[in-house]
Amino acid sequence: MKFRAPVQTVVGQDTSDGAGVRLRRSIGTPSLDHLDPFLLLDEFRSDNADDYIAGFPDHPHRGFETVTYMLAGRMEHRDHTGVQGNLEAGSIQWMTAGRGIIHSEMPKQEEGLMWGFQLWINLPADQKMTQPRYQDIPPGNIPEVVRDNARIRVLAGEVQGQRGPIEGIVTNPTYLDVSLEPHSHFTHPLPLGHTAFAYVFDGSGYIGQSEPTGDPHRRSHLVVLGDGDGVAAVTGEDSMRFILLAAKPIGEPIARYGPFVMNTQEELRQAFREMQDGTFLESPGT
C-alpha cells in the first residue's frame, strides 16, 4: 500500500453563520477555498447556548450536497415541503439539494453541548438540477468496527466488510469517524485519484505517518493528503479522534455565491432571479 503523505495542514478559523452560530471553518477559507469536490467544512462545538441557540433559519441551497454529522446535542430539520427530521448525537443527514430546497436547522435544546460537523460536497453539472433527496441515518444504523486499538464508525464507504449506510452518491465518498488510543496505529485503503483529508477534533496524533515523528496534528487541524492507495495514522502519548474523508474529484468550473454552487456566473444569476420571482422551487419545464 502506498500511503498518502500530508501535503498541507490548515488550522480551522473561527467564524459565524446562520443567525449567529459560532463555527470553526477549515474548508471555504482563504487558506483552503475548496478541495474538489469538498466545498466547505465547519465544526460547531459549544456548551454555551448563546453560541448556537439562534440556529439556521430558513435558507435555500442549489447545486450541491450538505452533510451534517452530529456528535452531541439535537437539531431539528424542516424543509419547504413539510419534511421534518431530528438530528441526534451520532446521526448523519446527507442532503442532496439538487435543483433547490429551502430548509431550516434549529436547535432542539436550550442548554448543554452542541457538537458536530457540516460538510458541503459539490455535484457535477449533469446532476446540479436533480430532484432533492435526503438520507437521514440514526445512530443505530451506523456500523462500528473495532480493530486493535481503533474504533471506526463507518458513515460512508467500507471497513472490513462493513459498509456505511450512505449510498448512491456520485462522488463515491468515504466518511469515517476514527478514534485511536495512545500508542496505536491505523491504516485504511483509499481509491487512487480520490481527494482525501483528515480533520482532528480531539486529542493529537500523526496523520499520514506510520511513526510518531515531528510535531503532532492537534485539534482543529485539517490535513490534506496527497495521492496514494491508502492512509496511515499513529498516536504517541495522547489519544486522537478524527474524521477521514475521501471522494472522487469532479474537475469542473465552480461558480459559487452564498447558498448556490453552479458552473457559471449566469447559472448563479438565474438562481437569484428565480428566488426573486418565486420560481426557485419549481421543477424544470413547469
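Before reading further, recall that the structure is shown in the block above.
Cut-offs applied
Residues numbered from 1 in each chain as written. Predicted model: local features only at pLDDT ≥ 70, side-chain atom pairs only at ≥ 80, totals over all residues. Heavy atoms only, no water. Salt bridge = Lys/Arg side-chain N within 4 Å of Asp/Glu carboxyl O. Helix = DSSP H or I, 4+ residues; strand = E, 2+ residues; numbered from the N terminus. Buried < 20%, exposed > 50% of the residue type's maximum accessible area, 1.4 Å probe, protein only. Phe/Tyr/Trp six-rings, centres within 6.5 Å; stacked < 30°, edge-to-face > 60°. Expected span 1.5 Å × (residues − 1). Arc of directions from axis to C-beta. Contact = heavy atoms within 4.5 Å.

A. Representation of the pattern of salt bridges within the structure. Applying the stated criterion across every chain, the model contains 15 salt bridges. The shortest N-O distance in the salt bridge between R24 and D14 comes to 3.0 Å. Linking R24 in strand β3 (residues 21-27) with D14 in strand β2 (residues 13-17), this pair joins segments that are ten residues apart in sequence. What makes R24 partly exposed here is its relative accessible area of 24%. One salt bridge in this structure joins E144 and R151, with 3.4 Å as the shortest N-O distance. Residue E144 is classed as partly exposed on the basis of its relative accessible area of 43%. The exposure class of R151 is partly exposed, given its relative accessible area of 29%. Linked through salt bridges whose partners overlap, the residues forming this network are D17, R25 and D42.

B. Highlighting the packing of aromatic side chains. On inspection of all chains with the given rule, the structure shows ten aromatic pairs. Measuring from centroid to centroid gives 5.1 Å for F38 and F197, while their planes differ by 90 degrees, and the two rings are edge-to-face. Pair noted here: F38 is in strand β4 (residues 38-46) and F197 is in strand β19 (residues 195-207), with a separation of 159 residues, a long-range link. Of the residues examined, F197 reaches a relative accessible area of 0% and is grouped as buried. Considering the side-chain rings of F260 and F272, the 4.9 Å spacing of their centres and the 80 degrees angle between planes classify their relative orientation as edge-to-face.

C. Representation of helix α1 (residues 265-277) in the model. Taking 1.5 Å per residue as the helical rise, α1 with its 13 residues ought to reach 18 Å, and the 18 Å between its terminal C-alpha atoms agrees with that figure. When we look at burial in α1, the residues that qualify are L268, A271 and E274. One side of α1 carries all its buried residues, which in axial view fall inside an arc of 120 degrees. Seen from the buried face of α1, the exposed residues on the opposite side, beyond 90 degrees, are Q276 and D277. Where α1 is buried, its residues contact β24 (255-257) and β25 (260-262).

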